[in-house]
Amino acid sequence: MEDSKCDLDEKNEATEAQVYVSQDAQRVILAFLPGKAVVKFRRVCKFWRDCVEEPTFVDHHLNNAIRFYQSIACFTSLDRGLAHMYTFDPTTLNFKSAELVFSCRFQMSDPCNGLVCAYDLKGDADVLNPTTRKHLRLPVSEVKTQSLFSEYFVGFVRSTKEYKVVSVRHQVRFLTFEICDTGTMSWRTVRESADLLKTTKAVIVDDGMYWLLLHEASSVLSREILMLNLTDEKFSKVAIPDVVRNRDLQLFEGDGKLHLLSTPVDAPYSAVPDIWVLDWTQQFWVQLKTVAHRVPVGMSPFFLCKMKIFYGNQYKLICRDLLDNTASYINMPPGESLISCGTFVESFAPAVKGLVDSTVASYSSHLTESWPADPGPSVGGAGSSSTCPGQSSYIAGWSLADLVQSFNRAKSTTNMEWKICGK
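Below you will find a few notes about this structure. Computed from a predicted model, the values in this text were never measured in an experiment. (Residues numbered from 1 in each chain as written. Predicted model: local features only at pLDDT ≥ 70, side-chain atom pairs only at ≥ 80, totals over all residues. Heavy atoms only, no water.)

## Quick word on the overall build of the protein
Item 1. The helix and strand tally for the protein stands at eight helices and 27 strands.
Item 2. For the protein, the residues scored as buried account for 51% of the 423 residues in total.
Item 3. Long-range pairs, those at least 24 residues apart, make up 52% of the contacts in the protein with a sequence separation of at least 6.
Item 4. In the form shown here, the protein has an accessible surface area of approximately 20400 Å², with 53% of it arising from carbon and sulfur atoms. (Helix = DSSP H or I, 4+ residues; strand = E, 2+ residues; numbered from the N terminus. Buried < 20%, exposed > 50% of the residue type's maximum accessible area, 1.4 Å probe, protein only. Contact = heavy atoms within 4.5 Å. Areas by Shrake-Rupley, 256 points an atom, 1.4 Å probe, with all protein chains shown as cover.)

Right, here's the structure in full:
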């Protein structure tokens, strides 16, 4: 029996030695795998490690991830710990994972192709990839030093495969819009404007960013939509439907299109809002759906996915199915605030030089016992601007106590259940 087993093992080894898979075929296979799996597999050999950094592979993997591996992602911030990312299945809303995002910043843009921009209103900004755990520190702008505070948003230009970060600089009497390419890493001013924006948070759809323009300072009514084309970096204005000009409007992204939530002003609570979608091919708005219930006061629409609208505030995320009008919600974990939410894919973007890892050697040695699971290869993210007095810092700005707390919180979150709301 032992001799037969040895003979079989020898035959298997001989067969395996004869198996040959071309490098082109290996690229194709890797490009169809989930991002987290590829992150682990790149340790197997030098070719796999180098392959995932090639721009063509990054592009092919991103296209497949958008088709097959989209998730709903919620990013939360702790007072002194790391940011957390919770992901859910977009169809069933089942909980998928709890991950650490190595950033202590308190503001974050919505995800774009697996990237987010984490920033402090008066501090620095970083483009983060939670999958590869790498980050790109953005340069300091001269305009920023003269501004009250700044906001940052990351977008993608399909024609050139470029990622651009747009910053809205708040001055005393006007706003300054600046753009930084992740390739050239330099800021340039594209607009100075005294226009009144309903909110300075950009809604990102394809190659454009959008903001609602207020009719006047004392009004909640909007007259037009300000659009920034990321391809040519020029601004234009988009008209809103005439029938909703006297309504309270909110912009949001949904399945790659620009949407408008229209709510009656000074009307009974029973008056229901409408959702409109912009058809760029025909250059007009189409009424998509009437929502049976209003978005609660103090909450904003985040995005629409598979005919489900997601809205909420820093403590709660609500999902309403527009087809059957059912609604469910999740509360953010205690002590955490929702800072970003949207559709997310595990990608290897951006394919540029200058990406760095944030961990230092002492990090893993001090946290081995508190986080036994392999967190993956080098982790990326932004450091905080200050450290806690009397505590040693193992990653810039993070004390050991803060790190242990964040790891333990993420490790203990094995499920987040959606609760049913009334219709």
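## Looking at the side chain of Glu-99
Item 1. Along the chain, the position of Glu-99 falls in strand S3 (residues 95-101).
Item 2. Among the polar contacts made by the side chain of Glu-99, one reaches the side chain of Arg-133 at a distance of 3.3 Å.
Item 3. Residues in contact with Glu-99, not counting those within four places in the same chain, are Lys-36, Ala-83, His-84, Met-85 and Arg-133. (Polar contact = N/O pair within 3.5 Å; in protein donor to acceptor, adjacent residues only side chain to side chain.)

## Focus on the sheet that holds strand S2 (residues 83-88)
Item 1. Sheet architecture is open: four strands sit in the order S3-S2-S1-S24, paired in antiparallel fashion. Edge strands, defined here as strands with exactly one partner in the open sheet, are S3 and strand S24 (336-344). In this sheet, neighbouring strand axes are inclined to one another by 20° on average, regardless of whether the strands run parallel or antiparallel.
Item 2. Where S2 lies against S3, six bridges are found, and the strand directions are antiparallel. If you follow Phe-88 over to S3, its bridge partner there is Phe-95. (Pairing = 2+ DSSP bridges. Axes fitted to C-alpha atoms, helices over the stretch in contact; angles between N-to-C directions.)

## A closer look at the nonpolar core
Here is a general trend for soluble globular proteins: nonpolar side chains tend to be buried in one another's company.
Item 1. Formed by 28 residues in total, the largest nonpolar core has its most connected members in Phe-57, Leu-138, Tyr-152, Tyr-163, Val-165 and Phe-348.
Item 2. The set of elements that each furnish at least two residues to this core consists of helix H2 (23-31), helix H3 (35-41), helix H5 (55-68), strand S5 (116-119), strand S6 (125-129), strand S8 (149-157) and strand S9 (162-170).
Item 3. Cys-74, Ile-330, Met-332 and Trp-418 belong to the second largest nonpolar core, which has 19 residues in total. (Core = buried A, V, L, I, M, F, W, Y, C linked by side-chain atoms within 4.5 Å.)

## A closer look at the packing of aromatic side chains
Item 1. Scanning the entire structure with this criterion turns up 14 aromatic pairs.
Item 2. With 6.4 Å between their ring centres and 75° between their planes, Phe-310 and Trp-418 make a pair best called edge-to-face. Of this pair, Phe-310 sits in strand S21 (residues 308-312) while Trp-418 sits in the loop between helix H8 (400-412) and strand S27 (419-421), and the two are 108 residues apart along the sequence.
Item 3. Through a chain of ring-to-ring contacts, three or more aromatic side chains come together here, namely Phe-88, Phe-95, Phe-303, Phe-310 and Trp-418.
Item 4. Directly above the ring of Trp-187 sits Arg-169, whose terminal nitrogen or CZ lies 4.8 Å from the centroid.
Item 5. In this structure, Lys-316 is placed above the aromatic ring of Tyr-329, and the distance from its NZ or CZ to the ring centre is 4.6 Å. (Phe/Tyr/Trp six-rings, centres within 6.5 Å; stacked < 30°, edge-to-face > 60°. Lys NZ or Arg CZ within 6 Å of the ring centre and 35° of its normal.)

## Brief notes about unusual backbone geometry
Item 1. Residues Ala-349 and Pro-350 are joined by a peptide bond in cis, for which omega reads -10°.
Item 2. The phi dihedral of Asn-113 is positive, around 55°, even though this residue is not glycine.
Item 3. Position of Asn-113 relative to the elements: it lies in the loop between strand S4 (107-108) and S5.
Item 4. Not every positive phi belongs to a glycine, and Met-185 is a case in point at roughly 55°.
Item 5. Assignment of secondary structure puts Met-185 in the loop between strand S10 (175-181) and strand S11 (187-193).

## Some words on the pattern of salt bridges
Item 1. This model, assessed by the stated rule, comprises 22 salt bridges.
Item 2. For Glu-99, the salt bridge identified is with Arg-133, shortest N-O distance 3.3 Å. Residue Glu-99 is located in strand S3, and its partner Arg-133 is located in the loop between S6 and strand S7 (134-137); the two are separated by 34 residues in the primary sequence.
Item 3. The salt bridge partner of Arg-105 is Asp-126, with a shortest N-O separation of 2.9 Å. Highlighted residues: Arg-105 in the loop between S3 and S4 and Asp-126 in strand S6, separated in sequence by 21 residues. Accessibility assignment for this pair places Arg-105 and Asp-126 in one class, buried. (Salt bridge = Lys/Arg side-chain N within 4 Å of Asp/Glu carboxyl O.)

## Side note on the environment of Leu-93
Item 1. Here Leu-93 lies in the loop between S2 and S3.
Item 2. The class of Leu-93 is buried, set by a relative accessible area of 9%.
Item 3. For Leu-93 and Cys-319, which are 226 residues apart along the polypeptide, the C-alpha to C-alpha distance reads 9.2 Å.
Item 4. Those residues in contact with Leu-93 that lie beyond four places of it in its chain are Phe-88, Phe-310, Cys-319, Ser-328 and Trp-418.

## Here we look at the packing of H2 against H5
Item 1. The N-to-C vectors of H2 and H5 enclose an angle of 40°; their axes lie 8 Å apart at closest approach. The pairing of H2 with H5 is recorded here as oblique in orientation. The segment H2 lies against H5, with Arg-27, Leu-30 and Ala-31 engaging Phe-57, His-60, His-61 and Asn-64.
Item 2. Classifying every residue of the contact of H2 with H5 by side-chain character gives three nonpolar, three polar and one charged. (Parallel < 35°, antiparallel > 145°, perpendicular 65-115°, else oblique. Nonpolar A, V, L, I, M, F, W, Y, C, P; charged D, E, K, R; others polar.)

## Focus: empty space enclosed by the protein
Item 1. What the rule picks out here adds up to one cavity of 30 Å³ or more.
Item 2. In this structure, the largest cavity spans a volume of roughly 50 Å³.
Item 3. Together, Asp-124, Ala-125, Leu-138, Pro-139, Val-140, Ser-141, Lys-144, Tyr-152 and Trp-187 line the largest cavity.
Item 4. Looking at the lining of the largest cavity residue by residue, the classes come out as six nonpolar, one polar and two charged. (1 Å grid on protein atoms, 1.4 Å probe; cavity = no way out; pocket = protein on both sides within 12 Å on 5 of 7 lines; lining within 4 Å. Points joined across faces, edges and corners; volume = space filled by probe spheres on them.)

## A closer look at the pairing of strand S17 (residues 257-264)
Item 1. Counting buried residues along S17, seven of its eight residues qualify, which places the element largely inside the surrounding structure.
Item 2. In this sheet, S17 lies alongside strand S16 (residues 247-254) in antiparallel orientation, the contact comprising eight bridges. Directly across from Glu-253, in S17, lies its bridge partner Leu-258.
Item 3. With four bridges connecting them, S17 and strand S18 (residues 274-279) associate as antiparallel partners. Looking at S18, one finds that His-259 is bridged to Val-277.

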